[in-house]
Amino acid sequence: MTRIFLGKPGVACCAGLSSEELYQNAAAGNRDGIKRVKTESGEDFYAGRIDDEKIRPTTARYDMRICRIQEMALDQIASQVESAVSRYGSKRVAVCVGSCDNGTEFSVGGHKVFLSTGKFDGSYSLEMQSADYQATLIKEKLGLEGPCLAFSTACSSSAEAIIKGAQLINAGLADAVVAGGVDITSDTVLLGFGSLEAVSAEITNPFSKNRSGITLGEGAGFFVMTRDEDEASIGCSQVELLGWGNSCDAHHMTSPDPSGDGAYRAMEEALRKADVKPEHVGYVNLHGTGTRLNDSMESLAVSRIFGSYKVAVSTTKPLTGHTLGAGSAIELALCWELIDQGRRNPKAPLPVQLWDGELDPDLPPLNFVGLKNNVPQSPVKICMSNSFAFGGANACLIIGDRT
């Protein structure tokens with residue numbers, strides 16, 4: 001299997017407008033980005049939204065919020081993409097994007113006009129709601145001519161995009177890939193999850209006996225992935241995508257398999273591909289949505305994988321919100337930054353989990369990172385990141401520094 005290196009990620013979310021800022025806030029337990037958001041219906045929710053004044057217009061054909069957030073992250077990796085194109089040619093650089101969104105910010109307003117007048121507003125176009133638009137935007141913006149693929153597997157969308165990027169490189173179909181994801185907290189998203197009764201009335205409280213649901217968020221995370229022999233030529237780091245695993249338990253449209261078997265199989269496959277033993281993993285970023293069923297099954301799966309080895313774990317969704325299709329990439333970017341920070345600072349702190357600390361006696365105990373135990377005994381060199389989505393679309397990514 002070809003060694004695949006990950007360049008410094010581009011990130012934009014309520015907890016940071018760069019991977020460094022995201023890491024610093026996650027290590028400090030700063031969740032100031034989670035605020036009350038009022039929808040057009042009058043209902044309000046806690047959500048992780050980027051402040052409007054920090055978002056600028058884009059050059060995209062449709063100047064939507066999702067495009068603006070996506071470009072904030074892409075601009076951070078633009079020089080890496082330029083180097084990859086210079087080295088390999090534009091036809092050898094692919095695009096893989098995960099997202100659950102399809103122009104939902106215009107859905108409510110567009111359909112309100114349609115229902116009252118019988119036709120859509122002249123500025124509305126069906127293309128802005130096509131599943132491929134966010135991937136197409138990157139191809140247009142960066143002048144790329146390689147394969148261009150869109151993924152929508154709910155919360156594991158950007159993990160699947162990163163996995164497909166690795167497969168494209170391994171298959172010789174691309175030499176570099178721009179991979180990641182983007183999603184927003186539009187009214188459609190907030191009200192949709194509200195109708196499922198999945199949204200917590202308070203900021204999400206994962207793995208607690210008092211947990212009651214998710215807190216939604218928005219953001220974007222993107223990497224330049226490249227094969228090993230030329231990694232230095234485009235400014236990539238020594239952080240590699242060591243392994244990945246995915247599974248589909250198809251237990252229910254929205255609920256995970258309560259046994260955690262699908263999640264377990266994804267983690268097991270990722271460890272096998274990476275040729276990594278569980279005790280070599282220094283940190284696990286949990287999916288950790290704060291719903292009763294997800295946290296229960298993930299606890300079972302993690303406990304089954306790691307056994308008596310008490311690996312440090314946390315979910316960062318109380319800081320970022322659940323960023324849906326972008327979550328896998330944003331959380332992997334946090335893991336990337338943890339590994340990179342550890343090379344320079346042996347005491348680089350771990351991302352903490354913010355919750356009430358009230359353990360659920362029905363769940364296997366895990367080694368949650370808090371502000372009092374977030375300094376590792378040695379720098380973290382290998383991280384695992386979990387994403388478990390609707391329909392049982394499970395994905396696990398393992399990255400590390402083998403130097």
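Use the structure listed above.
Analysis parameters
Residues numbered from 1 in each chain as written. Predicted model: local features only at pLDDT ≥ 70, side-chain atom pairs only at ≥ 80, totals over all residues. Heavy atoms only, no water. Axes fitted to C-alpha atoms, helices over the stretch in contact; angles between N-to-C directions. Helix = DSSP H or I, 4+ residues; strand = E, 2+ residues; numbered from the N terminus. Parallel < 35°, antiparallel > 145°, perpendicular 65-115°, else oblique. Contact = heavy atoms within 4.5 Å. Nonpolar A, V, L, I, M, F, W, Y, C, P; charged D, E, K, R; others polar. Buried < 20%, exposed > 50% of the residue type's maximum accessible area, 1.4 Å probe, protein only. Phe/Tyr/Trp six-rings, centres within 6.5 Å; stacked < 30°, edge-to-face > 60°. Lys NZ or Arg CZ within 6 Å of the ring centre and 35° of its normal. Pairing = 2+ DSSP bridges. Expected span 1.5 Å × (residues − 1). Polar contact = N/O pair within 3.5 Å; in protein donor to acceptor, adjacent residues only side chain to side chain. Patch = residues over 30% accessible without salt bridge, like charges linked within 9 Å, V, L, I, M, F, W, Y side chains within 5 Å. Areas by Shrake-Rupley, 256 points an atom, 1.4 Å probe, with all protein chains shown as cover. Salt bridge = Lys/Arg side-chain N within 4 Å of Asp/Glu carboxyl O.

A. Structural context of the packing of helix α6 (residues 157-170) against helix α11 (residues 327-344). As a packed pair, α6 and α11 sit with axes 5 Å apart at the nearest point and diverge in direction by 70°. As the angle between them shows, α6 and α11 are arranged roughly perpendicular. In this structure, α6 uses Ser158, Ala159 and Ile162 to contact α11, whose residues at the interface are Gly327, Ser328, Ala329 and Leu332. Split by residue class, the contact of α6 with α11 holds four nonpolar, three polar and no charged.

B. Layout of unusual backbone geometry. Despite not being glycine, Ala154 has its phi angle at roughly 55°, a positive value. Its location among the elements puts Ala154 in the loop between β6 (148-151) and α6. For Ala154, a relative accessible area of 15% translates into the label buried. Of note in the backbone geometry, Asp275 takes a positive phi value of approximately 55° without being a glycine. Locating Asp275 in the fold gives a position in the loop between α8 (261-274) and β11 (283-285). Looking at Asp275, the relative accessible area reads 69%, which means it is exposed.

C. Quick look at the environment of Gly16. Here Gly16 lies in the loop between β2 (10-13) and α1 (19-28). Along the chain, Gly16 and Thr320 lie 304 residues apart, while their C-alpha atoms are 8.6 Å from each other. Once residues lying within four places of it in the same chain are set aside, the contact partners of Gly16 are Val11, Glu21 and Leu22.

D. Seen up close, the packing of aromatic side chains. If you walk through the whole model with that rule in mind, you get five aromatic pairs. Here the aromatic rings of Phe207 and Phe368 are separated by 5.2 Å at their centres, their planes lie at 45°, and the arrangement is tilted. Of this pair, Phe207 sits in the loop between α7 (187-195) and β8 (216-217) while Phe368 sits in strand β13 (residues 367-368), and the two are 161 residues apart along the sequence. An identical accessibility class is assigned to Phe207 and Phe368; each is buried. Members of the aromatic cluster, joined through ring pairs, are Phe207, Trp355 and Phe368. The lysine or arginine in question, Arg36, covers the ring of Tyr46, its NZ or CZ lying 4.4 Å from the ring centre. A cation over an aromatic ring shows up here: Arg304 above the ring of Tyr264, its NZ or CZ 3.6 Å from the ring centre.

E. Structural context of the sheet that holds β8. Judged by pairing direction, the sheet is mixed, and its three strands sit side by side in the order β3-β4-β8 without closing on themselves. Two strands close off the open sheet at either side, each with one partner strand: β3 (34-38) and β8. Direction of pairing for β3 relative to strand β4 (residues 44-48): antiparallel, over a ladder of five bridges. Pairing of Lys35 across the sheet is with Ala47, part of β4. Most of the contacts of α7 go to β4, to which it runs at about 115°, and overall it touches β3, β4 and β8.

F. Structural detail: the pairing of strand β7 (residues 176-183). Of all eight residues in β7, eight are buried; the element is thus mostly enclosed. Side chains Ala176, Val178, Gly180 and Val182 of β7 all project onto a buried face; the interleaved residues Val177, Ala179, Gly181 and Asp183 project onto the opposite face, where all are buried too. The sheet contact formed by strand β5 (residues 93-98) and β7 spans six bridges and is parallel. Directly across from Cys96, in β7, lies its bridge partner Ala179. Note: β7 against strand β9 (residues 219-227), eight bridges, orientation antiparallel.

G. Molecular detail of α8. Under the 1.5 Å per step criterion, the end-to-end length of α8 is 20 Å for 14 residues, consistent within 8% with the ideal 20 Å. The complete set of buried residues in α8 reads Gly262, Ala263, Tyr264, Ala266, Met267, Glu269, Ala270, Leu271 and Ala274. As for α8, its buried residues are in contact with β10 (240-248), α9 (292-306), β14 (382-389) and β15 (393-400).

H. How the structure looks around the packing of α1 against α11. Taken N-terminus to C-terminus, the directions of α1 and α11 make an angle of 85°; their axes are 9 Å apart at the nearest point. The angle between the axes of α1 and α11 places the two elements in the roughly perpendicular class. Contacts between α1 and α11 involve Ser19, Glu20, Leu22, Tyr23, Gln24 and Ala26 from the first element and Ile330, Ala333, Leu334, Glu337, Leu338 and Gln341 from the second.

I. Looking closely at the side chain of Ser299. Among the secondary structure elements, Ser299 is positioned in helix α9. Within polar-contact distance, the side chain of Ser299 engages the backbone oxygen of Asp295 at 2.8 Å. Those residues in contact with Ser299, other than ones at most four positions away along the chain, are Phe207, Leu363, Pro364 and Leu366.

J. Structural detail: a nonpolar patch on the surface. Residues Phe114, Leu115 and Phe120 make up a contiguous nonpolar surface patch of roughly 300 Å² in combined accessible area. Residue placement: Phe120 occurs in the loop between α4 (107-117) and α5 (133-142). Since its relative accessible area comes to 33%, Phe120 is described here as partly exposed.

K. Main features of the pairing of β9. Counting buried positions along β9 yields nine of nine residues, so the element is predominantly enclosed. Burial along β9 is two-sided: the residues Gly219, Gly221, Phe223, Met225 and Arg227 and Ala220, Phe222, Val224 and Thr226 are all buried. Looking at chain direction, strand β1 (residues 4-6) and β9 are connected through three bridges and run antiparallel. Bridge pairing links Phe5 to Thr226 in β9. Of the pairings in the sheet, the one linking β2 to β9 comprises four bridges and is antiparallel in character. Looking at the pairing, Gly10 lines up with Phe222 of β9.

Just geometry here; none of it tells us what the structure is for.
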